[in-house]
Amino acid sequence: MRVRGRSTWGRRARAGAVVTALLAGLVPPAVVLVPGAATAGAAAGTPVCQVRDDRLREISGMAATDDGYVVINDGADDEARRRIFFLDQRCDVVRTVSFPSRPRDTEDLAIGRDGTVWVADIGDNDRSRPTVGVWRLTPGAKQPVLHRMTYPDRPHDAEALLLDASGRPLIVTKGGSGTVFLYAPATALRPDATTPLTALGQVTLPSTTTSNPFSFLGRGVITGAATAPDGRRVVLRSYADAFEYDVPDGDVVRALTTGTPRITPLPDEPQGESITYSRDGRSLLTVSESAGQAAGTRSTILRYPATASTVTAAPATESVDPVSPTAVRPAAGEVGGGSGRTWPLALGAGTLLVLLGLAGVLRWRHTARR
């Protein structure tokens, strides 16, 4: 399917979409500016291997396998990059699988217990797609099969996919204010039909101060997700941090909407889009896009401890019970409920000016790379 308005700028300026949401008034500046848990001095990940194949410049999804990794690009214009790539443990490409038709914007992937690879074609920077989809590649199949889905309320930009205990795909929206929404197919997926999605709830992320290329913008969006091999933990990642939730009873939605995550800082990754668990479940593995970075930069898989050296987040102060994603966010002065947190309101006008300037800088930087 032809990508309307899909350009290098649109592909590389996902942080700019967050700015747009802020300027449109969808996210009160005071909510974003509330200080959170400090994560200064966080350690960088340990390099595992470097992806040297030039086709993999925009890795947006990754899953670990027994003998390596499966990765995808972020909706590349080049046909050679529109593949499902299988890597060995040294990050060398050993096999690729082509899509039978052009994907729109592939942003994440997951592997089911039966070995099925699920590719999430759910990116929508402009929030204009009438449908999103998941590609399902079963073991031994030559090509993946597309299953189209539609949101019950409005289009959403999303970059994260999880599988629940039954193997049902769960979409986690990208967000922008530290609150993201969960959706899942309302009925069984069929390749010859468009399946409606149903809203399952919202997740309010803890705030941090982890250093990343997009500053506070990068700490409030979700760019990837993964399930531990034993199914007892799931993780969401932003450009700055990994938020790990325990799933003791197999109910992923309950864990995300009511649980308190452990935070693993992922400091200063160039553009961290992907996360997965190692096959033994002891580590978190991440990888960044290398497009737009300094000449010669290669995407490198990094390893972080999955449970050690983490910071426990304070419980969220607002309800995270399942609600409709169209519900109105609390007013800025109501977040936290204390007068000590109303000070950002006085900075509202100045914040908007700063965001306008930042939006201009982001547009200039990414346009200059075209």
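Residues numbered from 1 in each chain as written. Predicted model: local features only at pLDDT ≥ 70, side-chain atom pairs only at ≥ 80, totals over all residues. Heavy atoms only, no water.

## Let's talk about the sheet that holds strand β3 (residues 68–73)
The strand order across the open sheet formed by four strands is β2-β3-β4-β5, and the pairing between neighbours is antiparallel. If you trace the sheet from one side to the other, it starts and ends with β2 (59–65) and β5 (93–98), each paired once. When strand polarity is set aside, the average angle formed by the axes of neighbouring strands in this sheet is 20 degrees. Sheet topology places β2 next to β3; six bridges connect them, and they run antiparallel. Following the sheet pairing, T65 is matched in β3 by G68. (Pairing = 2+ DSSP bridges. Helix = DSSP H or I, 4+ residues; strand = E, 2+ residues; numbered from the N terminus. Axes fitted to C-alpha atoms, helices over the stretch in contact; angles between N-to-C directions.)

## Points about unusual backbone geometry
What is expected of a backbone is that most residues other than glycine have negative phi and most peptide bonds are trans. Residue C91 is not a glycine yet carries a positive backbone phi of 70 degrees. Here C91 is to be found in the loop between β4 (83–88) and β5. In this model, D268 sits at a positive phi of 60 degrees, which is unusual for a non-glycine residue. Mapping D268 onto the fold places it in the loop between β17 (262–265) and β18 (272–277).

## Focus: the state of the cysteines
Overall, the coordinates contain one disulfide when judged by the stated rule. Across a sulfur-sulfur distance of 1.8 Å, C49 and C91 are joined as a disulfide pair. A torsion of 45 degrees about the S-S bond marks the disulfide between C49 and C91 as right-handed. Taken as a pair, C49 in strand β1 (residues 46–51) and C91 in the loop between β4 and β5 lie far apart in primary sequence, 42 residues in all. Judged by its relative accessible area of 1%, C91 is buried. (Disulfide = S-S within 2.5 Å. Buried < 20%, exposed > 50% of the residue type's maximum accessible area, 1.4 Å probe, protein only.)

That is the geometry; function is a separate question.
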